[in-house]
Amino acid sequence: MTGICDNFMGAFAIFLHASLAQIGWLTALPQLIGAGAQLLSIWICPRYSRRRTIVAGASVQALAVLGIAILAFVHPLAGATWLIALAVAYHSASNFVQPQWRGWMGSLVPPRRRGAFFAGRTRLSMMVSFVVFFGGGMLLNIFQASDIAWLGFGLLFLLAAAGRGASAYHLQQMHDPD
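Below is a summary of the structure that appears in this document. Computed from a predicted structure; not experimentally measured. Within any chain, residue numbers begin from 1 and follow the written order of that chain's sequence. Two thresholds apply to this predicted model, a pLDDT of at least 70 for residue-level local features and 80 or more for giving and counting side-chain atom pairs, whereas whole-chain, interface and lining totals are computed over all residues. Hydrogens and waters are ignored; side-chain quantities use all the structure's heavy atoms.

## With respect to the overall build of the chain
Part 1 of the reasoning: Numbering of helices and strands runs from the N terminus, with a helix taken as a DSSP run of H or I at least four residues long and a strand as a DSSP run of E at least two residues long. Each helix and strand counted, the chain has six helices and zero strands in total.
Part 2 of the reasoning: Starting at the N terminus, the α and β elements of the chain follow one another as α-α-α-α-α-α.
Part 3 of the reasoning: Radius of gyration means the value over C-alpha atoms here, while the globule rule gives 2.2 Å times the residue count to the 0.38 power. Against the compact-globule benchmark of 16 Å for 178 residues, the chain has a radius of gyration of 17 Å, which places it among compact chains.
Part 4 of the reasoning: With respect to the principal axes defined by its C-alpha atoms, the chain has extents near 50 × 30 × 25 Å.
Part 5 of the reasoning: Note on definitions: a residue-residue contact is assigned when non-hydrogen atoms from the two residues lie within 4.5 Å. Considering only contacts within the chain whose residues lie at least 6 apart along the sequence, 84% involve residues at least 24 apart.
Part 6 of the reasoning: Accessible surface computed for the chain: about 10,100 Å², of which carbon and sulfur atoms make up 68%.
Part 7 of the reasoning: Counted charges follow a simple rule, with Lys and Arg positive, Asp and Glu negative, and His plus the chain ends left uncounted. Charged side chains are reduced to one point each, which is NZ for Lys, CZ for Arg, CG for Asp and CD for Glu. In the chain, the 11 positive side-chain charges and the 4 negative ones have mean positions that sit 13 Å from each other. In this description, accessible areas are obtained by the Shrake-Rupley approach with a 1.4 Å probe, and a residue is regarded as covered only by the protein chains that are shown.

## As for the nonpolar core
Part 1 of the reasoning: Take the buried Ala, Val, Leu, Ile, Met, Phe, Trp, Tyr and Cys residues and link them wherever side-chain atoms come within 4.5 Å; each set so joined is a nonpolar core. For every residue, the accessible area obtained with a 1.4 Å probe (protein chains only) is divided by the maximum for its type, and the residue is called buried under 20%, exposed over 50%, and partly exposed between those limits. Counting 27 residues, the largest nonpolar core has M9, F12, L83 and F157 as the members making the most contacts within it.
Part 2 of the reasoning: Looking at this core, the elements with two or more residues in it are α1 (2-15), α3 (50-74), α4 (79-108) and α6 (149-173).
Part 3 of the reasoning: Counting nine residues, the second largest nonpolar core, distinct from the first, contains V97, W101, W104 and M105.

## Some remarks on the pattern of salt bridges
Part 1 of the reasoning: Take a side-chain nitrogen of Lys or Arg and a carboxyl oxygen of Asp or Glu: if they are within 4 Å of each other, that pair is a salt bridge. Summed over all chains, the structure comprises one salt bridge.
Part 2 of the reasoning: Measuring nitrogen to oxygen at the nearest pair gives 2.7 Å for the salt bridge that ties R50 to D176. Taken together, the positions of R50 in helix α3 and D176 in the segment after α6 put the pair 126 residues apart, joining distant regions of the chain. The burial state of R50 is the same as that of D176; both residues are buried.

## Quick word on helix α5 (residues 114-145)
Part 1 of the reasoning: Here α5 spans 46 Å end to end across 32 residues, near enough to the 46 Å set by a 1.5 Å rise per residue.
Part 2 of the reasoning: Residues of α5 that are buried in the fold lie against α1 and α6.
Part 3 of the reasoning: Taken from the residues just after α5, D147 is the one with a positive phi, measuring 60°. What a helix is expected to span follows from its residue count: subtract one and scale by 1.5 Å.

## Digging into the layout of surface pockets
Part 1 of the reasoning: A volume near 1,000 Å³ is recorded for the largest pocket.
Part 2 of the reasoning: Think of a 1 Å grid over the protein atoms and nothing else: a 1.4 Å probe that fits but is trapped marks a cavity, an open set flanked by protein within 12 Å on at least five of seven lines marks a pocket, and residues with an atom within 4 Å of a point count as lining. What lines the largest pocket is a set of 27 residues, and nearest its centre among them are M1, T2, R121, S125 and R164.
Part 3 of the reasoning: Among the secondary structure elements, those contributing two or more residues to the lining of the largest pocket are α1, α4, α5 and α6.
Part 4 of the reasoning: Throughout, the ten residues Ala, Val, Leu, Ile, Met, Phe, Trp, Tyr, Cys and Pro are labelled nonpolar, Asp, Glu, Lys and Arg are labelled charged, and all others, Gly among them, are labelled polar. Taken together, the residues that form the lining of the largest pocket break down as twelve nonpolar, eleven polar and four charged. Grid points are joined across faces, edges and corners, and a volume is the space filled by probe spheres set on the points.

What follows is the structure in structure tokens.
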């Protein structure tokens, strides 16, 4: 999901004929509001279980990406405005989950293994992100050559939404020692 959304959201904004101002908002607003979501997450943590907040955030993120996929299929004239709103939801949900997820992983991974665990996780996620970026670019190139780039974007974002939905399901199944 991250490899698709982070790499192709700007290109999708251009496809939707976003203005320079809208691209600026797409770059700045989700990050700004997402930072506030981290503070909200920390405030909510003592009131709800960590797993519940993580699964809720992951589910909201999957729905936001699904909304972006739907936007690719309907691409209305106000598509860039909707993309900005959905990007805010996407980044806010991501930042909402991060403090809780890091605490959860800290509870599961023994201190002496954390460095190796997170290094291996980062290496794997970066490799997958590169493959997704390369494959997604090839897919968009093929669909653009057939003048149906909207379908390529739609399929990419549907794949991302399905991946995050599966992630939310598996997070729900995980053990939380706290």
